[in-house]
Amino acid sequence: MHLHKYERIWLLFGTGSLVVFLLIIGFGAFYKGAQPPSEKITIDPQNVEAQESFKKENLGLTKVEDGKYIVNVVASAFNYDLGKDEDGSNVKKLRIPKGSTVLFQVTSKDVVHGFELAGTNVNMMVEPGYISSYETELNETGEYTLVCNEYCGTGHHLMFAEVEVYE
Amino acid sequence: MSDQEEQRTWSLSKQEKRLSMSFMYVTFISLLIGGLMGLLQTLVRSGTFSLPWGIGYYQILTVHGVILGLVLTTYFIIGFQYTLMNKTVGMSHKQRQTAWLGFWVMVVGTIMASITILLGKASVLYTFYAPLKAHPAFYIGLALVIIGSWIACFVNFRQLQVWKKQHKGEKSPLLAFMVVINMLLWFIATLGVAAAVLVQFIPWSLGYAETINILISRTLFWYFGHPLVYFWLLPAYMAWYAIIPKIIGGKIFSDSLARLSFVLFLMFSIPVGFHHQLTEPGIDPVWKFVQVTLTFMVIVPSLMTAFSMFATFETTGRKKGFGGLFGWFKHLPWKDVRFLAPMIGMLAFIPGGTGGIINASNQLNQVVHNTIWVTGHFHLTVATTVILTFFGLSYWLIPALTGRKLTSKINKLGIIQTVIWTVGMTIMSGSMHIEGLLGAPRRSSYSTYGGTEQASDWIGYQIAQAVGGTILFVGILLMVYIFIQLVFFAPKGEEDFPIAEEEPDAEPTPRFLENWKLWIGLTIGLILIAYAIPFMDIIQNSPPGSPPFDWPIGNS
Ligand SMILES: [Cu+2]
C-alpha cells in the first residue's frame, strides 16, 4: 500500500512517541510499582465485620508505628464510617501529621461508591465484595475533602468526610 | 465510466427517505428533551436553583445521559447510515421492511425505558451500575433498543452482501465499507452489554436471581462502553473522509488509507474496557496495563485520519490556486455551514483526544478518575466533535430527505448556531476540566461538602458551567428551529448528497482490505487476548454476590 513520504514521517513520529510513552508508563508501573489500586481480596458485603480490618473497633485512623498509619473505612449509602471517638460520636474528620505514610483500606456494605481525597492521588472505586486499598505519603498540610465520586443514590452528594494534614 | 461513478447511480426512493427521516425525528426530539435536562443540571449545580414538583437531580441526570448518549446518537447514526447504504449499494423492498421492524423495536424499547425513568423508577444513570436496582421495565427497554439496533446491523450486512454478489470482483463503495465496519463494531461490542442485561440484570431485577456479580456486570458494561464512543465517532469519520472533501470541492485523499484506518478502529476499540476500570479492585494490574497498551493503539489510525484531513484541505486549496504556507487554509469554505460545523468538530478533537490519552493512562487516570474532568472530556469529544459533525451533516441530509433546499438564510443561522455551540462548549467544558483537576466529583448534585475550602473553590466553576449550559441550550433551540425549517418550510427542491470521489489516477486499493474473515478473526483474537484470562480470574476469584438495592435511588 502506498503511503505518502510525509505521512510515513508523521506516522513514524506518532508511533515512536507512543512507544516511548508506553515504556514510561510500564517502567512506572512495573519497576517503580506505581500501580493503580487493584486489590484482589474479596469480602462478604453483608458481613464486613468478619474481616479483622473492618471490625467496629478497628475503623478509622490507627497508628501502626512512627509515621505509619492505617485508615479503615466502611462505605455505605450515604456515609463513610470512620469509627467513633472517645465520646462515642461518629468521627467525621481525621487528623494526620504531615509526612505520614497512610494505607487506606475501604469496603462497601451496599452499593458501589467512590473514595477520593480531593487534591491527592487517593482515588479509587469501592465495590461491594472487594477491599480497595491504596498507600500514599501525605506530604502537604491542608484540609482535604473526602468525597464519594461514584453515584450511589439520591444522597450521593451528601457523602463526605474530612482529612486534615497538620504540621 | 469507472466503477466509482457507477456506484453513484442509486437515488433514494420516497420510502427510503421516509425510513431515514423517522430516525431523524427521534434524534431531534431527543436533542430538545436531553438538552433541557442538561440545562437544568448546570443550574441546580450552580447552587441557585432547585427543581420543582419533587423532581430529583439524579432523575434528570439519567434522562440526560440515556436520551443524549444512547438514544440520540444511535438513532442519528442508524438513520444516516441507511442513507449512505441506500445511496451506494441500494436497498431491497424486503430489507426496508426489516429495517422498519428494527425501528419499531427500538422505539418500543426507548418508550419503555423513558417512562420508567420519568416515573422515578430508574434513576440509575446511563451506566446503571449494579447493585442499584431499577424497575425491570428499564432493563427490558434497553434490551429492546439493542435488539432493534442489531436488526439494523443485519440489514446493512445484507445490503453489502447482495451488492457484492451483483458486482463480482469489484471493490465495495467506500462508504458502504465504512458503515459495515461500524455496525460490525457495534454488534461485537453490544454482545457484552446484552449479555449483562439479559443474563444478569433482567432475572435479578425480576427476582429470579437473588444476587448479582458486580465486577462481571461492570466488566461486560465497559467491554461495550468504550467501543460505544467509537460507534459515535466513526460516522463522523465517514463524513470527514468521504463527504467533506466533496463539499470543499476536492477528492478523497486515499481510499486505502481510509479503509485501513477503519479496520484499525474496529480492532483496537473493543479490547480496551479496563481503562475505564483502572481504579477498581478485583482486576489484575498486569491485565489493566495490557488493555492500556491496546487502548493507545487507536492513536495510530487517529493520526492517519488527521493527516488525511489536512492533506485533503491543502491539496484542494492549492489546486484552486491558493498558495503560500497557509493560503489554502484561509480559503477553505468557512462560510458554508456544511463545512464549518464538522471542521470545528475536527479541531475540538485535538484537545479532546489528548484528554482521552490522559484518562486512559495507567497512573494519570487516578488524578482525574470520576472527577468532573471526565465530564468535560466527553462534552468535548462526543458533544462537540461528534455532535457538530452530525449537525453539519443535517444541513444537507435533512433537505435531501425532505426534498427541500438549504437556503442561504438557513446557512447563516447554521453558522450562528455553530458559533453559539463552540462558545458554550468552550466555557462549559473548559471549566469542567479545571474543576476536575481541583478534585471536584462528577455526577453529583449541588453540595457544599460541609463547607470545606476546597468545595467553595469549586462553586465558581459550577457557575461558569451554568453560563455555558445556558448558551448551549440556546444553541439547541436554534438547531431544533433549523430542523423544523428544513423539514417543513424551506423551499422545495433537490439538495446535493455530497459523496467525494477518488483521484482519477489513484493507486488501486489493495484487496486484503476487504478480507472480512481476516479482520473479524483478528478482532476476536485481540478480544480473547485482552479478556479471556482476566475474565476467568474474575469469575474464579468472585466474592459473594450482591442483592438488589432499590431504596438509595428512591425506587422502593
Ligand atoms: Cu457513595
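Residues numbered from 1 in each chain as written. Chains lettered and ligands numbered in written order. Predicted model: local features only at pLDDT ≥ 70, side-chain atom pairs only at ≥ 80, totals over all residues. Heavy atoms only, no water.

Operational definition: UniProt positions are given in the numbering used here, feature names are shortened, and annotations may be inferred rather than shown by experiment.
As annotated in an unreviewed UniProt entry, chain A is Cytochrome aa3 subunit 2 from Lentibacillus cibarius. Per UniProt, chain A carries the Function (unreviewed entry) text "Subunits I and II form the functional core of the enzyme complex. Electrons originating in cytochrome c are transferred via heme a and Cu(A) to the binuclear center formed by heme a3 and Cu(B)." If you open the UniProt record of chain A and go to Catalytic activity (unreviewed entry), you find "4 Fe(II)-[cytochrome c] + O2 + 8 H(+)(in) = 4 Fe(III)-[cytochrome c] + 2 H2O + 4 H(+)(out)".

Examining the nonpolar core
The condition is simple: For the purposes of this section, nonpolar cores are sets of buried Ala, Val, Leu, Ile, Met, Phe, Trp, Tyr and Cys residues that join through side-chain atoms within 4.5 Å. Note on classification: 1.4 Å probe, protein chains only; a residue is buried when its accessible area is under 20% of the maximum for its type, exposed when over 50%, partly exposed between these limits. Only DSSP runs of H or I reaching four residues or more are called helices, and only runs of E reaching two or more are called strands; each is numbered from the N terminus. For the purposes of this description, domain bounds are those given by an automatic or database domain assignment. We call two residues in contact when some of their heavy atoms are within 4.5 Å.
Among the nonpolar cores identified, the biggest contains 235 residues, and Phe115(A), Phe128(B), Phe138(B) and Phe313(B) are the most heavily contacted of them. Tallying contributions element by element places helix 7 (residues 214-242) of chain B first for this core, with 21 residues. Residues from two domains meet in this core; each of domain 1 (1-35) and domain 2 (48-165) of chain A gives at least three. Contact partners of Phe128(B), with chain neighbours within four places excluded, come to Phe138(B), Tyr139(B), Leu142(B), Val193(B), Val197(B), Phe201(B) and Phe221(B). One finds Ile43(A), Phe54(A), Val74(A) and Ile131(A) within the second-largest nonpolar core, a separate group that totals six residues.

Here's the deal with the UniProt feature "domain: Cytochrome oxidase subunit II copper A binding" (unreviewed entry) in chain A
Cross-referencing UniProt, the feature "domain: Cytochrome oxidase subunit II copper A binding" (unreviewed entry) maps to residues 38-167 of chain A in the present numbering. Across residues 38-167 of chain A, helical content stands at 0% and strand content at 47%; the span's end C-alpha atoms are separated by 31 Å.

A short note on the coordination of the copper ion
Residue and element names in this part refer to chain A. Counted only if it meets this: The donor set comprises N, O and S atoms within 2.8 Å of the metal, extended to 3.2 Å for Na, K and Ca; water molecules are omitted, so apparent gaps in a site may simply reflect that omission. Here the metal geometry follows the donor angles, with tetrahedral for four donors whose angles all fall between 85 and 135 degrees, square planar for four and octahedral for six when opposite donors are more than 155 degrees apart and every other angle is between 65 and 115, and irregular for all the rest.
Those protein atoms acting as donors to the copper ion are His-113 (ND1), Cys-148 (SG), Cys-152 (SG) and Met-159 (SD), and they sit at 2.1 to 2.4 Å. Classification of the site at the copper ion rests on its four donor atoms, whose angles at the metal span 97 to 126°, yielding the label tetrahedral. In terms of primary sequence, the donors binding the copper ion are separated according to H-x34-C-x3-C-x6-M. One end of the pair, His-113, is in strand 6 (residues 113-117); the other, Cys-148, is in the loop between strand 9 (142-147) and strand 10 (160-166), and 35 residues separate them in sequence. For His-113, a relative accessible area of 0% gives the class buried.

A few points about the interface of chain A and chain B
Put simply, the test is: By buried area we mean how much accessible surface two parts lose on assembly, using a 1.4 Å probe and totalling the loss over both. What makes a salt bridge here is a side-chain nitrogen of Lys or Arg within 4 Å of a carboxyl oxygen of Asp or Glu, nothing more. For this analysis, a polar contact is any N or O atom pair within 3.5 Å, provided that within protein one partner can donate a hydrogen and the other can accept it, and provided that sequence-adjacent residues contribute only side-chain to side-chain pairs.
Taken residue by residue, the interface counts 65 residues in chain A and 74 residues in chain B. Here chain A packs against chain B, burying approximately 5,700 Å² in sum over the two surfaces, 65% of which is carbon and sulfur. Summed over the shared surface of chain A and chain B, the number is four salt bridges. Salt-bridge contacts for Lys40(A) lead to Asp284(B); the nearest nitrogen and oxygen are separated by 3.4 Å. Remark: the boundary between chain A and chain B carries 28 residue pairs in polar contact (both at pLDDT 80 or more). Broken down by secondary-structure element, the contributors of at least two residues to the side of chain A that touches chain B are helix 1 (5-31), strand 7 (123-126), strand 8 (132-138), strand 9 and strand 10 of chain A. Considering each element in turn, the side of chain A that touches chain B owes the most residues, 14 residues, to helix 1 of chain A.

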